[in-house]
Amino acid sequence: PMVIEELAGSRGEAPALLPDEESLSYRRLAGRANRYARWALAHGVEKGEAVCLLMPNCPEYLAIWLGITRAGGIVALLNTHLVGESLAHCVALAAPKHVIVAAELEEKLRSAFVGRPLKAVVWVYGAGRKLAETYCEGTLSETECPPPSIEDKALYIYTSGTTGLPKAANMSHYRIMQWALWFAGLMGMAPEDRMYNCLPMYHSVGGIVATGAVLAAGGSMVVREGFSASRFWDEVVRWECTLFQYIGELCRYLLHAPPSAAEAAHHIRLCCGNGLQPDVWEPFQARFRIPQILEFYASTEGNVSLYNVEGQPGAIGRIPPFLVHRFPIALVRFDVERNEPVRDVEGRCIRCAPN
């Protein structure tokens, strides 16, 4: 939130977020976040207390969590696809004082708590209802609210729940800034860049990496509610995007889509993501004329990041020799059938050889 406030001074009315419905300049984004900070303070959100956010992708999503974290709160980013027990579990895990929910998702939230108590005040946004319109959007003074420290917790981002129910990963302001600046540097971000983001903002890639990297560099982001293979290239061309973020099989879906005129008319200079399979990489890059692909490996709750900066299809990154002493990471052989690392006669893992 402090960085966005600084950028509001230097970038002013330059676009930060560009959806169809309502675009936000850097100044308006900072002002909107300040309103939510004052809303949080007025409703007793104290440092380290959680507020849950259940809302689809939209500019207001970012403004809400920026504002609440500026006031010292922690925002739990709830997966909008969860229902029932899983959704109730994620809310209970955060132990929030308040829950902010989009009007179209209110019934989903209420039904998850049928027969069990929801120990939080529920605030509905949308359908004519707004939360923070009456609050001032001017910069908060230190007397009004001390700025958060970089070590303070900012967000809870949930794991996918592939092994049991989702777990909440702690995201400090430091971790958010680290990711944003790492990726801004790796992608060579500039104020002229425009990121197309159709990934969910409740996840670390769509909500932190894609968002934070382009905003930290003073660029802009096109916020889409979800991915559509049939509309993807039309929207990339329409908004003159220079970057997009992918994850998992997104590129495979695009590769399987029928050809369109827009796919050859874009200005994409780089796409960044993880999970691009080797059999998709080369045909995808060739068909859509993508100059550079930056593939990375990381996880929200993990402590390892690897970047394939050389664009070698199938590679997962490496640690350059001059950084080995800082990042003691080893790639080890893995037995896919047994789902465990391969071990030598002494029971130790075995380093992977090249290729």
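Scroll up a little and you will see the structure.
For clarity, every value in this text was computed on a predicted model and none was experimentally measured. (Residues numbered from 1 in each chain as written. Predicted model: local features only at pLDDT ≥ 70, side-chain atom pairs only at ≥ 80, totals over all residues. Heavy atoms only, no water.)

(A) Structural detail: the pairing of strand β11 (residues 243-247). Of all five residues that make up β11, four are buried, and the element is covered over most of its length. Pairing of strand β9 (residues 194-197) with β11 involves two bridges; the strand directions are parallel. Within the sheet, the bridge partner assigned to Y196 lies in β11 and is F244. Pairing of β11 with strand β12 (residues 270-274), which is carried by five bridges, proceeds in the parallel orientation. Residue pairing for β12: Y246 is matched across the bridge by G273. Between β11 and its parallel partner β12, the chain crosses via helix α9 (residues 250-256), and the hand of that crossover is right-handed. (Buried < 20%, exposed > 50% of the residue type's maximum accessible area, 1.4 Å probe, protein only. Helix = DSSP H or I, 4+ residues; strand = E, 2+ residues; numbered from the N terminus. Pairing = 2+ DSSP bridges. Right-handed = clockwise from strand over helix to strand, strands pointing away.)

(B) Looking closely at the nonpolar core. Residues L29, W65, L155, W233, F244 and F284 are the most contacted members of the largest nonpolar core, which totals 114 residues. The biggest single contributor to this core is helix α2 (residues 26-42), with eight residues. Beyond its immediate chain neighbours, meaning those up to four positions away, L29 contacts I4, A16, L17, L24, L62, A63, L66 and L215. (Core = buried A, V, L, I, M, F, W, Y, C linked by side-chain atoms within 4.5 Å. Contact = heavy atoms within 4.5 Å.)

(C) Up close: the sheet that holds strand β6 (residues 121-125). Taken together, the six strands give an open sheet; going across it, the order is β6-β5-β3-β4-β7-β8, and neighbouring strands pair in mixed fashion. Edge positions in the open sheet fall to β6 and β8 (168-172), since each of these has one partner strand only. Shown here is a sheet whose adjacent strand axes are inclined to one another by a mean of 20°, direction ignored. Alignment of strand β3 (residues 50-54) against strand β5 (residues 98-102), held across four bridges, turns out to be parallel. Its bridge partner lying in β5, C52 is registered against V99. Relative to the sheet, helix α6 (residues 173-186) contacts β7 (153-158) and β8, its axis offset from that of β8 by approximately 80°. (Axes fitted to C-alpha atoms, helices over the stretch in contact; angles between N-to-C directions.)

(D) Examining the side chain of H173 more closely. With respect to the helices and strands, H173 occurs in helix α6. For H173, a relative accessible area of 9% corresponds to the buried category.

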